[in-house]
Amino acid sequence: MLDSKFPFELVRTDISSFYEGIDRKRLVEKLERDQLLSPTSKKYIKQVLDSYGLISGTPTGVPRGVGISAYMAELYLRPVDKAIRAIPGLVLYCRFVDDIMAVFARPSAGKNLGSFKELIITIFGDNGLTHNATKTSEFTLANTDPKKFEYLGYRFHLKPGQCEISPSAAKSPIRKFFKLDNALLSVV
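Only a predicted model underlies this, so the values are computations on that prediction, with no experimental measurement involved.

### Looking at the overall build of the protein chain
Phase 1 of the analysis: Each helix and strand counted, the protein chain has five helices and nine strands in total.
Phase 2 of the analysis: Secondary structure elements of the protein chain occur, N-terminal to C-terminal, as β-α-α-α-α-β-β-α-β-β-β-β-β-β.
Phase 3 of the analysis: For the protein chain, buried positions account for 37% of its 188 residues.
Phase 4 of the analysis: Within the protein chain, contacts between residues at least 6 apart in sequence are counted, and of these 55% link residues at least 24 apart.
Phase 5 of the analysis: A total accessible area of about 10,900 Å² is found for the protein chain, and carbon and sulfur atoms account for 57% of it.

Next comes the structure, spelled out in structure tokens:
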């Protein structure tokens, strides 16, 4: 898809200070509405969140490294995932924790949707979250200008008819490069 000549539009973004930015009050309200947990489980989770609030001194955030935090973060992001998946023209949606990549095919009929990136940023705002501007980009894949972005510890460098993938400089001191050419992956 990254090597396609179809005018797909790609949005790469990241939620800024994700674990620290979760609104605990909103999270507890989601827990109350969601009937997946027993009252006792909800009580213990609220105690953990309240204790974290006392320790951190802020009304936002869930503790890192606590087993339930990843589950709470996923629960918190359900409406974000649902809203992004509802954007007309979505072809591919990938999210790993707070790192997001979405590919769109702009619908030919109907209203002008504007920037897909701005739609996603608005969805974040509607859910009490913000985007990391330095890790957010949007571009048309069919445009022949070289493009670079990073996702999940890898750097993608797109050129016409070619997609090079390498470890991100921040993630790996090993500089192994991979080349994706004509749907074949080989070590160079």
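### Quick look at the nonpolar core
Phase 1 of the analysis: Ranked by size, the top nonpolar core spans 28 residues in total, and within it F18, L27, I84, I120, F124 and L129 carry the most contacts.
Phase 2 of the analysis: The set of elements that each furnish at least two residues to this core consists of α1 (18-21), α2 (24-33), α3 (39-56), α4 (67-85), β3 (99-104) and α5 (116-126).
Phase 3 of the analysis: Top contributing element to this core by residue count: α4, with seven residues.
Phase 4 of the analysis: Excluding residues within four positions of it along the chain, F18 makes contact with A73, L77, V97, D98 and L129.
Phase 5 of the analysis: Judged by nonpolar contacts, the second largest core, of 13 residues, contains A105, L141, L158 and C163.

### Digging into the side chain of R95
Phase 1 of the analysis: Inspection of the secondary structure puts R95 in strand β2 (residues 90-96).
Phase 2 of the analysis: Here E74 takes part through its side chain, which lies 2.7 Å from a polar atom of the side chain of R95.
Phase 3 of the analysis: Within the structure, the side chain of R95 is placed 2.8 Å from the side chain of D81, a separation counted as a polar contact.
Phase 4 of the analysis: Excluding residues that lie within four positions of it along the chain, R95 makes contacts with E74, L77, D81, I100 and Y151.

### Quick notes on α4
Phase 1 of the analysis: Counted at 1.5 Å a residue, the expected span for α4 with its 19 residues is 27 Å, and the 28 Å between its end C-alpha atoms agrees.
Phase 2 of the analysis: At L77, α4 shows its strongest bend, of approximately 40°, with the proline P79 following within four residues.
Phase 3 of the analysis: For α4, the complete set of buried residues consists of S69, M72, A73, L75, Y76, L77, V80, D81 and I84.
Phase 4 of the analysis: In this structure, the buried side of α4 is in contact with α1, α2, α3, β2, β3 and α5.

### Section: the pattern of salt bridges
Phase 1 of the analysis: Counted by the stated rule, this structure contains eight salt bridges.
Phase 2 of the analysis: Of the charged contacts, one joins R95 and E74 as a salt bridge, the two residues approaching to 2.7 Å between their closest N and O atoms. On the criterion of sequence distance, the pair formed by R95 in strand β2 and E74 in helix α4 is long-range, its members being 21 residues apart.
Phase 3 of the analysis: A relative accessible area of 37% places E74 in the partly exposed class.
Phase 4 of the analysis: Salt-bridge contacts for R155 lead to E150; the nearest nitrogen and oxygen are separated by 3.1 Å.
Phase 5 of the analysis: On the basis of relative accessibility, which here comes to 22%, the residue R155 falls in the partly exposed class.
Phase 6 of the analysis: Beyond isolated ion pairs, a larger network of salt bridges with shared partners links E74, D81 and R95.

Basis of the calculations
Residues numbered from 1 in each chain as written. Predicted model: local features only at pLDDT ≥ 70, side-chain atom pairs only at ≥ 80, totals over all residues. Heavy atoms only, no water. Helix = DSSP H or I, 4+ residues; strand = E, 2+ residues; numbered from the N terminus. Buried < 20%, exposed > 50% of the residue type's maximum accessible area, 1.4 Å probe, protein only. Contact = heavy atoms within 4.5 Å. Areas by Shrake-Rupley, 256 points an atom, 1.4 Å probe, with all protein chains shown as cover. Core = buried A, V, L, I, M, F, W, Y, C linked by side-chain atoms within 4.5 Å. Polar contact = N/O pair within 3.5 Å; in protein donor to acceptor, adjacent residues only side chain to side chain. Expected span 1.5 Å × (residues − 1). Bend = angle between axes of the 7 residues up to and from the residue. Salt bridge = Lys/Arg side-chain N within 4 Å of Asp/Glu carboxyl O.

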